Amino acid sequence: MIIEVDGDWSVSGATLAKGCAFVHERFLRSADIAAVIESCETEESWLATISSLNGSFAVVTGHTNEVWAAVDRVRSIPLFYGLHQGSLVLSDRAERVRACVGDDSQSPETSLEFLLTGYVTGSETLFPNVKQIQAGEALSFVTKPKPKLDRRRYFEWRHRDPWPADNNALIERLHAVHRHVARRLVASLEGRQAVVPLSGGYDSRLIAVMLKEEGYDNVLCYTYGLPDNWEARISKEVARYLGFRWKFVPYSGAKWREWGATATFKHYCATAGNLTAVPHVQDWPALFALQQQRAVAVDGVLVPGHSGDFVAGSHIPYWFAQRASITRNQLLRTILDSHYSLWDWPPAELRLTEELTRRIDAIGGPLRDGSPAEAADQLEFWDMNERQAKFICNSVRVYDFFDHDWRLPLFDLELLDFWSHVPVEMRVRRSLYIEYVGRYQNLPVPTPNRDRGKLAGALIHLVNNFGLHRLAKSVQYRLRRAQWKSVYESCTDPPLAWFTLIDRELFRRTYTGKQTLHAYLARSGAQGLLRQVTDADSPVNFS
């Protein structure tokens, strides 16, 4: 979709009539959304309508000499734009906008950020004249009396007035919300096959349990990775207990070489990031294999567990709850250490810190000193708009690539509203949610995320309680670096064996023990190499 605004309207060459709406949606409710949006006569009524929608969408509406466009609260279906000779170029493909506006050189600033995070923050992309509509944001562009572009936030996920810290009342309320979410999900599936990427964690398990409780049996669960990995063992037990069909796709270094040599995989890698984020690749082979096996129905709907852990509070540091207040510098360091860390920083650390601080402050306003609740609010606002929107939700491009519909039920508006009112001390370490699980999901199957023995568990407890994270990570990285050959071939943590996509000599020279495949994808994107992965006769071999 390309829309150029310059007096006349055109969408891929067709005339756009006044009031016409183009809607790409993955809704959790049934309604003729396009008709409702087309009926809006003013921008204010249009924004009010957009704000009421509960689901995933990208919307473009045309009026005389004016265009309105918006993406959903987590930017799950992105839109990109640029200005060219007084006209607006708007598309769901960033590369097409880049070609229209004639941008030929990547921005050094955003390329460096991309290297460290795997995505570009704010409204920018890797190219300076290609912009993106941010999560929960709407864009308007008028051509008369002179061209003018405005952006407005219609939604911000912020902490709201906390409800009383009554565990029983909140757990019952959460259970009611989950039932509402499940019913909306089931209604939207309309009997089609629900395909659940079922890991060993809490979030995808919640999706599977909700479907079971609603009596929805047309479900396929799948997982992948090295044979007999802990995620797969737990996933299989959960699916068996719930009575759902289950498939496993084995990964290995040799298989990744084979997949990486295909033209389809290279095309996906070159396009899925949209000049904004690294392509999500870990699910690609699984969907590729399941389609070859015809295990996934043609109209199957993917339902991943993004991002139940985040909205329940998993990204709030434990030490927040142990302080009376959090300083701006502590909050800034938390974001930098957690999200700007794919690679070690270049030598000019002070100058880089100043540049990245400016970019972080631009997202939700300058970071400030505050209470633990205020600090958590600032941290999660940044995380929702950046990591969740640009990196986590971008994983659904895999489903788009294989032409499958999808849903993100754990970003349901009612569920977001619930967690925004839960006191921060009940969200640290997801304490309220873990208690909820103990009451309503006490299944006779292995506990989620149990990938370690008693000794490892004791060591982690020691690290958490004595602030030894940096030391523990340093030791872990050194051990991995010393074993780089086995890491390269088998990669058991995570159990994906995916490093063979990388040039072996490059890996030997650069691997420090901390990098995941995403770090190497970010390196390639920062250097402009991802867009050049088009040669069908050679492996991807990111170098």
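Remember, it's a predicted structure, so these values are computed and weren't measured experimentally. (Residues numbered from 1 in each chain as written. Predicted model: local features only at pLDDT ≥ 70, side-chain atom pairs only at ≥ 80, totals over all residues. Heavy atoms only, no water.)

J.: Sorry if this is basic, but what is going on with the overall build of the protein chain here?
T.: Scanning the protein chain for helices and strands turns up 22 helices and 16 strands. Residues classed as buried in the protein chain amount to 55% of the 543 residues present. Surface exposure of the protein chain reaches about 23,000 Å², of which carbon and sulfur atoms provide 50%. (Helix = DSSP H or I, 4+ residues; strand = E, 2+ residues; numbered from the N terminus. Buried < 20%, exposed > 50% of the residue type's maximum accessible area, 1.4 Å probe, protein only. Areas by Shrake-Rupley, 256 points an atom, 1.4 Å probe, with all protein chains shown as cover.)

J.: Before we go on, may I ask you to explain the environment of Phe288 in this structure?
T.: With respect to the element layout, Phe288 can be found in helix H10 (residues 284-292). Taking the C-alpha atoms as reference, Phe288 lies 9.2 Å from Trp259; in sequence the two are 29 residues apart. Dropping the residues within four chain positions of it, Phe288 is found in contact with Trp259, Thr264 and Phe402. (Contact = heavy atoms within 4.5 Å.)

J.: Please clarify how the side chain of Asp405 should be interpreted in this entry.
T.: Along the chain, the position of Asp405 falls in strand E16 (residues 405-406). Side-chain polar atoms of Asp405 contact the side chain of Arg192, separated by 3.3 Å. At a separation of 3.0 Å, a polar atom in the side chain of Asp405 contacts the side chain of Arg407. (Polar contact = N/O pair within 3.5 Å; in protein donor to acceptor, adjacent residues only side chain to side chain.)

J.: Can you help me understand helix H9 (residues 263-271) in this one?
T.: Structurally, the α-helix is built with 3.6 residues per turn, so residues lying three or four positions apart point the same way. Listed as buried for H9 are Phe265, Lys266, Tyr268 and Cys269. Buried residues in H9, looked at end-on, bunch into an arc of 160 degrees, giving them a common side. Where H9 is buried, its residues contact helix H8 (253-260), H10 and helix H15 (397-401). (Arc of directions from axis to C-beta.)

J.: What is the right way to read the pairing of strand E12 (residues 194-197) from this model?
T.: Within a regular strand, side chains alternate between the sheet's two faces. The alternating pattern of E12 places Ala194 and Val196 on one face and Val195 and Pro197 on the opposite face, and all of these are buried. Note that E12 and strand E13 (residues 219-225) share 4 bridges and pair parallel. From the neighbouring strand, Pro197 faces E13, where its bridge partner is Tyr222. In this region the chain leaves E12, passes through helix H6 (residues 202-213) and returns to the parallel neighbour E13; the handedness of that crossover is right-handed. (Pairing = 2+ DSSP bridges. Right-handed = clockwise from strand over helix to strand, strands pointing away.)

J.: Could you clarify how one ought to interpret the sheet that holds E12 in this entry?
T.: Sheet strands line up and pair through hydrogen bonds in the backbone, either parallel or antiparallel. Pairing in this open sheet of 5 strands is parallel, and the strands run E14-E13-E12-E15-E16 from one edge to the other. The sheet is open, and its two edges are formed by strand E14 (245-250) and E16, each paired on a single side. When strand E15 (residues 301-302) meets E16, the two strands line up parallel, connected through 2 bridges. Pairing of Val301 across the sheet is with Asp405, part of E16.

J.: Looking at this model, I keep getting lost on the packing of helix H13 (residues 349-364) against helix H14 (residues 372-392). Mind explaining?
T.: Helix-helix packing is described using two parameters, namely the angle between the two axes and the distance between the axes. Contact pair H13 / H14: the axes reach a minimum separation of 9 Å and the direction vectors enclose 100 degrees. In terms of axis orientation, H13 runs roughly perpendicular to H14. Touching Ile360, Ile363 and Gly364 of H13 are Phe381, Trp382, Asn385 and Glu386, all from H14. Split into classes, the residues belonging to the contact of H13 with H14 amount to 4 nonpolar, 2 polar and 1 charged. (Axes fitted to C-alpha atoms, helices over the stretch in contact; angles between N-to-C directions. Parallel < 35°, antiparallel > 145°, perpendicular 65-115°, else oblique. Nonpolar A, V, L, I, M, F, W, Y, C, P; charged D, E, K, R; others polar.)

J.: Is there a simple way to think about the packing of helix H5 (residues 167-189) against helix H17 (residues 431-440) in this case?
T.: For the pair H5 and H17, interaxial distance at closest approach is 10 Å and the crossing angle is 70 degrees. Taken together, the axes of H5 and H17 are roughly perpendicular relative to one another. Facing H5, whose interface residues are Asn167, Asn168, Leu170, Ile171, Glu172, Leu174, His175 and His178, H17 presents Leu432, Tyr433, Glu435, Tyr436, Arg439 and Tyr440. Each residue belonging to the contact of H5 with H17 can be placed in one class, and the counts come to 7 nonpolar, 4 polar and 3 charged.

Coordinates in, geometry out; function isn't part of it.
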